[in-house]
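Close look at the chain arrangement
Read off the chains here:
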Amino acid sequence: MSHHEEIAAAPADPQIPFHRASVGEEEVQMVSQVIRSGWLTMGPKTIEFETEFARYIGVKHAIAVSSCTAALHLGLEAVGVTPGDEVLVPTTTFTATAEVVTYLGAKPVLVDVEENTLNLDPGDIARRITARTKAIIPVHFAGQPCEVSRIRELADEHGLHVIEDAAHSLPATYHGVNVGSLSELTAFSFYATKTLTTGEGGMITTDNSDYAERMRIMRLHGIGRDAWKRYSATGSWYYEVLAAGFKYNMTDIQAALGLVQLGKCSAMRNQRCKIATLYTSAFKRIEVLQPPATLSDRESSWHLYVLRLHRDRLKVSRDDFIAALKQRGIGTSVHFIPLHLHPYYQKAFGYHRGDFPIAEKEYERCVSLPIYPGMTQEEIQRVIAVVSDVSEEYGA
Ligand SMILES: Cc1ncc(COP(=O)(O)O)c(C=O)c1O
């Protein structure tokens, strides 16, 4: 290529990644402080983070752990899920939601989702309850709370526990009440891409003091309460192991990051909400696009913006649509490949393609767009412009 041609070539558009973590100088300062303090793992900062988190949600207990996966596992263990039990889980979720059920020797029983919200369908829950069903793990897909009241009714009617998977839904409300205080137990994720991040991390909330006590013990090797204090000035070398627990504690380095993030959590949610509003007002006018449904009795955290394509009005597949966005610099993702389409769930539990028609059909036409507080106005407008252009180009 000659020098002249190089100059003539259009400059590549800067990429808009699917996600960029919103962490700043304040987080760096707080983490540095903890590192300088000399107390690196679970300690005073973790306790402070738990206290602040519980206050933010409006719940009695918040127990900080290493991931949402750990939180879900501890929750299931606390309510007494044992081998032979069945636990209902939506098929449209990340594998963690169902995988934890197998940790306890129980069986994840998949449930189809509602077409409008992609949240688990209470009607299908009712159909799949058996004498062995012990619990339900509802997922608030993309951050929009599922039908909590209806799920509670079903759970009460059949004596089931409810452990919410709120990996996507911080902060979110249902009938004006914060997710995290709606059910017996709620698990949050602070993974790098989540709405509050500690790099890796999680929290489990509950108003039940017995569950809280059990989970505090089980997150740190089954050692009696306040095991973390044994290396502090006020602690003692003596401890007792009460159960075969896990190594699921959070570290103070993570908690420092989490405390700063918690202070910005509502403001960051408002930023995402604004982006969602801009996206929806642009995309609702485009025939091939279906913006996410919003329900008036609940508020989403807007962790994800899941656009759906009207495939019958498009000349190309969802995958080609994604490739075209990628080529024009827009990073996207797909949430989620339904669990029953994965080899493991098919082999271990006998699920097949065709078992959950709504989840499958919706999976094949969804695309998650970038939505994070650090997006600039130009980036938001460029996502809108590129998605609109690609839609027009590929419209049938
Ligand atoms: C719905 C859902 N549940 C659970 C998890 C697991 O979270 P973590 O990575 O904190 O264990 C994720 C993570 O992506 C998720 O999307």
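Rules used in this analysis
- Residues numbered from 1 in each chain as written.
- Predicted model: local features only at pLDDT ≥ 70, side-chain atom pairs only at ≥ 80, totals over all residues.
- Heavy atoms only, no water.
- Near = heavy atom within 4 Å.
- Polar contact = N/O pair within 3.5 Å; in protein donor to acceptor, adjacent residues only side chain to side chain.
- Areas by Shrake-Rupley, 256 points an atom, 1.4 Å probe, with all protein chains shown as cover.
- Phe/Tyr/Trp six-rings, centres within 6.5 Å; stacked < 30°, edge-to-face > 60°.
- Helix = DSSP H or I, 4+ residues; strand = E, 2+ residues; numbered from the N terminus.
- Buried < 20%, exposed > 50% of the residue type's maximum accessible area, 1.4 Å probe, protein only.
- Axes fitted to C-alpha atoms, helices over the stretch in contact; angles between N-to-C directions.
- Parallel < 35°, antiparallel > 145°, perpendicular 65-115°, else oblique.
- Left-handed = near helix turned anticlockwise from the far one by under 90°.
- Contact = heavy atoms within 4.5 Å.
- Nonpolar A, V, L, I, M, F, W, Y, C, P; charged D, E, K, R; others polar.
- Pairing = 2+ DSSP bridges.
- Domains from an automatic or database assignment.
- Buried area = accessible area lost by both parts, 1.4 Å probe.
- Salt bridge = Lys/Arg side-chain N within 4 Å of Asp/Glu carboxyl O.

Among the 16 residues in the neighbourhood of the ligand, the closest are listed as Cys 68, Thr 69, Asp 165, Ser 189 and Lys 194. In the environment of the ligand, an oxygen atom lies 2.7 Å from a nitrogen or oxygen atom belonging to the side chain of Ser 189. Between the ligand and Lys 194, the relevant distance is 2.7 Å, taken from an oxygen atom to a side-chain nitrogen or oxygen of the residue. Within the complex, 91% of the 390 Å² of free accessible area of the ligand lies under protein.

With that out of the way, let us pick up the packing of aromatic side chains. Counted by the stated rule, this structure contains 15 aromatic pairs. Between Phe 53 and Phe 188, the ring centres sit 5.2 Å apart and the planes meet at 75°, which makes this aromatic pair edge-to-face. Separated by 135 residues along the polypeptide, Phe 53 in helix 3 (residues 44-57) and Phe 188 in strand 8 (residues 185-189) bring together distant segments of the chain. Exposure remark for Phe 188: the relative accessible area of 1% places this residue in the buried category. Ring geometry for Tyr 279 and Tyr 305: centres 5.0 Å apart, planes at 75°, overall edge-to-face. Placement of Tyr 279 in helix 9 (residues 252-283) and of Tyr 305 in strand 12 (residues 305-309) is noted, with a sequence separation of 26 residues between them.

Attention shifts here to the packing of helix 4 (residues 68-78) against helix 8 (residues 209-218). Orientation of helix 4 relative to helix 8, taken along the N-to-C sense of each, is 125°, at an axis distance of 9 Å. If you check the angle between helix 4 and helix 8, you find them oblique. Relative to helix 8, helix 4 is oriented so that their crossing is right-handed. Contacts from Leu 74, Gly 75, Glu 77 and Ala 78 in helix 4 reach Tyr 211, Arg 214, Met 215 and Met 218 in helix 8. The residue inventory of the contact of helix 4 with helix 8, partitioned by class, reads 5 nonpolar, 1 polar and 2 charged.

Sheets are built from strands that pair by backbone hydrogen bonding, the pairs being arranged parallel or antiparallel. Spatially, 3 strands are ordered 10-12-13 in an open sheet, and the strand pairing comes out antiparallel. With partners counted over all chains shown, the strands left at the sheet margins are strand 10 (289-290) and strand 13 (366-369), one partner each. Direction of pairing for strand 10 relative to strand 12: antiparallel, over a ladder of 2 bridges. Following the sheet pairing, Leu 289 is matched in strand 12 by Leu 309.

This next bit is on the packing of helix 4 against helix 5 (residues 95-103). Helix-helix packing: each pair is described by the crossing angle between the helix axes and the interaxial distance. At a minimum axis separation of 9 Å, helix 4 and helix 5 run at an interaxial angle of 45°. By the angle between their axes, helix 4 is oblique relative to helix 5. Handedness of the helix 4/helix 5 crossing: right-handed. Contacts between helix 4 and helix 5 pair Thr 69, Leu 72, His 73 and Leu 76 from the former with Ala 96, Thr 97, Glu 99, Val 100, Val 101 and Tyr 103 from the latter. Of the residues contributing to the contact of helix 4 with helix 5, the split by class is 6 nonpolar, 3 polar and 1 charged.

The next subject is the domain arrangement of the protein chain. The domains assigned to the protein chain are domain 1 (25-261) and domain 2 (265-394). Using C-alpha coordinates to define each centre, domain 1 is positioned 26 Å away from domain 2. Buried surface at the junction of domain 1 and domain 2, both sides included, amounts to about 3300 Å², of which 58% is carbon and sulfur. For the interface between domain 1 and domain 2, the tally reads 2 salt bridges. Our enumeration of links across domain 1 and domain 2 arrives at 23 residue pairs in polar contact (both at pLDDT 80 or more). Contributions of two or more residues to the side of domain 1 that touches domain 2 are made by helix 5, strand 3 (107-111), helix 6 (122-128) and strand 6 (173-174).

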